[in-house]
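If you want the building blocks of each chain, they are given just below.
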Amino acid sequence: MSAYDFDAPVDRTGTWSSRWERHAGRDVIPLWVADTDFKAPPEVLRALAARLEHGVLGYTVPPPELTQALVERLQGLYGWKVAPEWLVPLPGVVPGLHHAARSLTRPDEHVLSPRPVYHHLTRAPELAPRAYSDVPLVLHDKRWVYDMDALRAAMTPRTRMLFFCNPQNPGGTVFTRAELLAIAEATRDALIVSDEIHCDLLLERGCAHVPIASLAPEIGRRTVTLLSPNKAFNFPGAGCAWAVIEDPVLRRAFCVDVQGHAIAGPTVFGYVAALAAYREGAAWLAAQLDYLRGNLALVEREIGALQALSLARTQATYLAWIDASRLGVKDPTQHFLDHGVALSPGSQFGAPAFVRLNFGTQRARLQEALRRIAAAVSAA
């Protein structure tokens, strides 16, 4: 039996939660934005409490011990040898995506992004602004993977950058080494900006996360890898992330306006939480993954029993990408909301017929949400 109780209810009302405030005062179960309803690891909470007890919350430099912890983690988990100077602290992965589009491409250059994908991978070039093209993902063996012919066809002489997401959000695909090599080969010399924030949330046993930058030196030198403990250990409100950039020329270009200029570094709370998570959070993370596997099994069983909905293999993340195209309603997100469940709209990711369900919550709440979803399907 786990030493951690993920079934324990946590009341998030009145805590300024993005997920819960949107539908406050309504009988709605919010399973949309990607944080969980679990308390952060007790080791993280104790470390934060100790820092608060110290009482001084001044300006903060990146802790050398945290840099070393991340270097050791990348070496231990992936055999990826990263030098400390490759790490650029960020307040989150999203600022890293947007900054990469602005700092590493010129206005006349072209960017590629998968579809469907977490919306900031398309918003970044859109707001930069840079010309960009979508590369469709297709279902193969119940996994969302790249249409490689489409990827090769989308490359132009002006293509400078591919935004990439591994594990894939939405969809939950963990790309294999062979798939990553094919993507790297198809993009030729273009930069790869790889959002790998969900790399610690592997649910399908036997899956292994491979950072695309770790494949080969020539791939690593053209890759910006974005990493964060925010999702896996559930403290996105504290905020701590890194860009891993091997090439010094790329790193210098990226670092303009970072670290105290247009983009601030992490707060002291983010640094403290990240260090405690990486040093002491392994047992909690393993227990959370086991709990999430149970939640995913429940989602697969209940959604699988509904002919109007379908779900591909979710190898990672706590986000189920549900095909509602057979539901027969104009707006599936609104339809489920009308029946008391708030889901992320597929249109946000480039696929309006889909919805994304966050199953990172207590199982009793998830069971009730799935009951409401079944009722919504019956009503349709």
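In this text the structure is predicted, and so the values were computed from the model without any measurement. (Residues numbered from 1 in each chain as written. Predicted model: local features only at pLDDT ≥ 70, side-chain atom pairs only at ≥ 80, totals over all residues. Heavy atoms only, no water.)

Caption draft 1: Representation of the nonpolar core in the model. Core analysis: the biggest nonpolar cluster contains 71 residues, and Leu-309, Phe-336, Leu-357, Phe-359 and Ile-373 have the highest contact counts within it. Looking at this core element by element, the count peaks at 10 residues for helix α11 (residues 282–304). Those residues in contact with Phe-359, other than ones at most four positions away along the chain, are Leu-203, Leu-292, Asn-295, Leu-296, Val-299, Thr-314, Thr-317, Tyr-318, Leu-319, Ala-320 and Leu-366. Counting residues in hydrophobic clusters, the runner-up holds 56 residues, among them Ala-124, Leu-151, Cys-165 and Leu-180. (Core = buried A, V, L, I, M, F, W, Y, C linked by side-chain atoms within 4.5 Å. Buried < 20%, exposed > 50% of the residue type's maximum accessible area, 1.4 Å probe, protein only. Helix = DSSP H or I, 4+ residues; strand = E, 2+ residues; numbered from the N terminus. Contact = heavy atoms within 4.5 Å.)

Caption draft 2: Layout of the packing of aromatic side chains. Applying the stated rule across the entire model yields 13 aromatic pairs. Ring geometry for Phe-164 versus Phe-175: centroids 5.3 Å apart, planes at 40 degrees, classification tilted. Linking Phe-164 in strand β6 (residues 159–165) with Phe-175 in the loop between β6 and α7 (177–186), this pair joins segments that are 11 residues apart in sequence. This pair shows no difference in class: Phe-164 is buried, exactly as Phe-175 is. Taking the centre distance of 6.1 Å and the plane angle of 25 degrees together, the rings of Phe-233 and Trp-284 count as stacked. With Phe-233 in the loop between β8 (223–227) and β9 (241–245) and Trp-284 in helix α11, this residue pair connects regions lying 51 residues apart in the sequence. An aromatic cluster of three or more residues is present, and its members are Phe-6, Phe-38, Phe-233, Trp-242, Tyr-278, Trp-284 and Tyr-291. Geometry around Tyr-291 places Arg-363 over its ring, the cationic atom sitting 4.3 Å from the centre. (Phe/Tyr/Trp six-rings, centres within 6.5 Å; stacked < 30°, edge-to-face > 60°. Lys NZ or Arg CZ within 6 Å of the ring centre and 35° of its normal.)

Caption draft 3: Structural context of the side chain of Asn-234. If you trace the backbone, Asn-234 turns up in the loop between β8 and β9. Taking the relative accessible area as the measure of exposure, Asn-234 reaches 12% and is therefore buried. Among the polar contacts made by the side chain of Asn-234, one reaches the main-chain carbonyl oxygen of Phe-38 at a distance of 2.7 Å. Other than its neighbours up to four places away in sequence, Asn-234 contacts Asp-35, Thr-36, Phe-38, Ala-40 and Pro-229. (Polar contact = N/O pair within 3.5 Å; in protein donor to acceptor, adjacent residues only side chain to side chain.)

Caption draft 4: Structural detail: the pattern of salt bridges. Going through the model one piece at a time under the given rule, you end up with 20 salt bridges. The salt bridge involving Asp-200 is made with Arg-73; its shortest N-O contact spans 3.2 Å. With Asp-200 in the loop between β7 (191–195) and α8 (217–220) and Arg-73 in helix α3 (residues 64–78), this residue pair connects regions lying 127 residues apart in the sequence. For Glu-126, the salt bridge identified is with Arg-123, shortest N-O distance 2.4 Å. With Glu-126 and Arg-123 both in helix α5 (residues 120–127), this residue pair falls 3 residues apart, about one helical turn. Here Arg-123 falls in the partly exposed class, since its relative accessible area comes to 34%. Through salt bridges with shared partners, one network takes in Arg-12, Arg-19, Asp-35, Asp-37 and Arg-365. (Salt bridge = Lys/Arg side-chain N within 4 Å of Asp/Glu carboxyl O.)

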